[in-house]
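# Geometric and topological summary
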Amino acid sequence: IKVVVVFLLSLSHSCFQAIQQQNREFPTILAFGDSILDTDNNNLLVTMTRSNFVPYGRDFPLHIPTGRFGNGKVLSDLVASSLGIKDLLPAFRSPFLKASELPTGVCFASGGSGLDKLTATILVRGYMGRRSIGDAAKVKEIIANAVILISVGNNDIAVTYYATMARRTSYNIETYTDMLIGWKTVFIKNLYNLGVRKFAVLGTIPIGCLPGARQVNEDFTCNPTVNYAARIYNQKVSTMVDKFSQNLPDAKLVHIDLYNPLIHVVNNPKQYGFTTAKPCCCSVMSPIPCLNSSNHVFWDFGHPSEKAIRTVLPSVVNAIRNKLA
């Protein structure tokens, strides 16, 4: 939340003048969360969770790795573009971030982050003392009209709970997901108190179907236990969003279901123009990049390919337009 406050106080008066001249359904987008949304915030951090190297970014413009966890654009880029805001969502920590980008939004998401304090959370920081302070009333106006895209929970369940014993010795999946929802509730309340009014809250993807989870099975099937946990968590996220919608009448919230659209693609890859749900590169099963990533639902051990994201994108964008406009 501290970084959000700094961001709000960092927008310049000229930036607000520019945004007021625009006539967009959604003038601004801010993204928070994990690698599903990260557009390169981890590049300058001391962390193992990075993707600013080949073959990542192979299908990105100019075919360069940018720190996005995929072969091309990630979900936050594609949502920003589909809403008519901007083609690419720049990272908050990027040394190349231009002041002119601030009014239309930035990405705070960081690969490997989560809700649990035991998760490898990387806090995005910056701007401290580097930007002029804008008018407080205009800051509140732009934040109130911004779409806030939130994706957290994937790493908490997949890594902190199932890949390690850090939480399973003390919690079952019901109590652990309750704890995650508690942290998520506090996070959203804090954003609301800062003036945020439009929340697009993503559930987890079917993490039991990620190649990293599936490779433990000889037949490469989805891990039903992990997927069950994801469904429990997603249902609780949906309930949380409903409660906020009832208790915060001046706010708009929508739960974005990524689980069901993506698992349908995983189970029926040919129906959507894919050859396989196996990863294209960067895993034990496929260490060498494939020639055509568009044939694969997954790019690496834990992230969908750009084509797969584009396949489920319409449901995401329609939900935002229907609920947050």
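Above this text you will find the structure in question.
Heads up: these notes are all about the structure in this document. (Residues numbered from 1 in each chain as written. Predicted model: local features only at pLDDT ≥ 70, side-chain atom pairs only at ≥ 80, totals over all residues. Heavy atoms only, no water.)

The next thing to look at is helix α6 (residues 173–193). Taking 1.5 Å as the rise per residue, α6 with 21 residues should run 30 Å; its terminal C-alpha atoms sit 30 Å apart, in good agreement. When α6 is considered as a whole, its buried residues turn out to be Ile 173, Tyr 176, Thr 177, Met 179, Leu 180, Ile 181, Lys 184, Thr 185, Phe 187, Ile 188, Leu 191 and Tyr 192. For α6, the side-chain oxygen to backbone nitrogen distance between the N-cap and Glu 174 is 3.0 Å, and the N-cap itself is Asn 172. Where α6 ends, the next residue or the one after it, Gly 195, has phi of about 115 degrees, a positive value. (Helix = DSSP H or I, 4+ residues; strand = E, 2+ residues; numbered from the N terminus. Expected span 1.5 Å × (residues − 1). Buried < 20%, exposed > 50% of the residue type's maximum accessible area, 1.4 Å probe, protein only. Polar contact = N/O pair within 3.5 Å; in protein donor to acceptor, adjacent residues only side chain to side chain.)

Further remarks concern the state of the cysteines. All told, the structure shown has two disulfides when counted by the stated rule. Residue Cys 280 pairs covalently with Cys 290 via a disulfide, S to S 1.7 Å. Handedness of the Cys 280-Cys 290 disulfide follows from its S-S torsion of about -100 degrees: it is left-handed. Highlighted residues: Cys 280 in the loop between β5 (276–279) and β6 (296–298) and Cys 290 in the loop between β5 and β6, separated in sequence by ten residues. Per residue, the accessibility class of Cys 280 equals that of Cys 290, and both read buried. (Disulfide = S-S within 2.5 Å.)

Here we take up the nonpolar core. Core analysis: the largest hydrophobic core is formed by 85 residues, its most contacted members being Phe 199 and Ile 320. One finds Tyr 56, Cys 280, Cys 281 and Trp 299 within the second-largest nonpolar core, a separate group that totals five residues. (Core = buried A, V, L, I, M, F, W, Y, C linked by side-chain atoms within 4.5 Å.)

Take the packing of α6 against helix α8 (residues 224–247) next. Helix-helix packing is described using two parameters, namely the angle between the two axes and the distance between the axes. Running from N to C, α6 and α8 point in directions that differ by 35 degrees, and their axes come no closer than 10 Å. When you trace α6 past α8, the crossing you get is right-handed. Taking contact as the criterion, the partners of Ile 173, Glu 174, Thr 177, Asp 178, Leu 180, Ile 181, Lys 184, Thr 185, Ile 188 and Lys 189 in α6 are, on α8, Tyr 228, Ala 229, Ile 232, Tyr 233, Lys 236, Val 237, Met 240 and Phe 244. Within the contact of α6 with α8, the residues separate by chemical class into eleven nonpolar, two polar and five charged. (Axes fitted to C-alpha atoms, helices over the stretch in contact; angles between N-to-C directions. Left-handed = near helix turned anticlockwise from the far one by under 90°. Contact = heavy atoms within 4.5 Å. Nonpolar A, V, L, I, M, F, W, Y, C, P; charged D, E, K, R; others polar.)

Turning next to α8. With 24 residues, α8 should reach 34 Å at 1.5 Å per residue; the first-to-last C-alpha distance of 35 Å fits that figure. Looking at where α8 begins, the residue whose side-chain oxygen comes 3.0 Å from the main-chain nitrogen of Thr 225 is Asn 223.

Turning next to the sheet that holds strand β1 (residues 29–33). Spatial ordering of the open sheet is given by β1-β2-β3-β4, a layout of four strands whose pairing is parallel. Since the sheet does not close on itself, it has two edges, and those belong to β1 and β4 (252–256), each with one partner. The sheet shows a mean angle of 15 degrees between the axes of neighbouring strands, taken without regard to direction. Here strand β2 (residues 147–151) runs beside strand β3 (residues 198–202); their pairing, made up of five bridges, is parallel. Across the sheet, Val 147 pairs through a bridge with Lys 198, a residue of β3. (Pairing = 2+ DSSP bridges.)

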